[in-house]
Amino acid sequence: MADEDDILGKADALLRRSLGTRPGAETGNYPVLTDFVDVAGSGDATLLAGEVSMQVMATVEARIANELERRVMERLGGSVSVAIATVLAELRPQLADIVSSAVAEALAGRQVK
């Protein structure tokens, strides 16, 4: 939250500097795209734009990842569970045969010694 406040403070200072107002002064005007374009070449604006862009991308990526996971589970969760149960049912006889063979071999090896 502190980083977010810092970014917002920088953005506010940049806007006020471009409008020529002091902090706390109400101008009654809202910044528009041209306000940003006027100061776009400054180092502060470039730094601020980079920081804001990274934070927005991180937030958007996290939200998209969470939403994708939720939707995939919502749509495929039941299907995946059914598929796993089906595969386990199909493998159970093979597994039983493998275990039986392994036990028989182990017992046969004990009797020989």
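It should be emphasised that the depicted structure is a prediction, and the values quoted were computed from it without experimental measurement.

A. Molecular detail of the overall build of the chain. When you go through the chain residue by residue, the secondary structure sums to three helices and zero strands. Listed by position from the N terminus, the elements making up the chain come as α-α-α. Considering the chain as a whole, with its 113 residues, one finds that 10% of them fall into the buried category. In the form shown here, the chain has an accessible surface area of approximately 9400 Å², with 62% of it arising from carbon and sulfur atoms.

B. Representation of a nonpolar patch on the surface in the model. Taken together, the side chains of V52, V56, V60, I64 and L68 define a hydrophobic patch exposed on the protein surface, amounting to about 380 Å² of accessible area. Note on V56: relative accessible area 42%, which makes it partly exposed.

C. View of the pattern of salt bridges. Applying the stated rule across the entire model yields three salt bridges. Linking R70 and E74 is a salt bridge whose minimum nitrogen-to-oxygen distance equals 2.8 Å. Of the two residues, R70 and E74 are both situated in helix 3 (residues 43–112); the distance of four residues between them amounts to about one turn of the helix. Taken together, the shared-partner salt bridges connect E67, R70, R71 and E74 into one network.

Conventions adopted
Residues numbered from 1 in each chain as written. Predicted model: local features only at pLDDT ≥ 70, side-chain atom pairs only at ≥ 80, totals over all residues. Heavy atoms only, no water. Helix = DSSP H or I, 4+ residues; strand = E, 2+ residues; numbered from the N terminus. Buried < 20%, exposed > 50% of the residue type's maximum accessible area, 1.4 Å probe, protein only. Areas by Shrake-Rupley, 256 points an atom, 1.4 Å probe, with all protein chains shown as cover. Patch = residues over 30% accessible without salt bridge, like charges linked within 9 Å, V, L, I, M, F, W, Y side chains within 5 Å. Salt bridge = Lys/Arg side-chain N within 4 Å of Asp/Glu carboxyl O.

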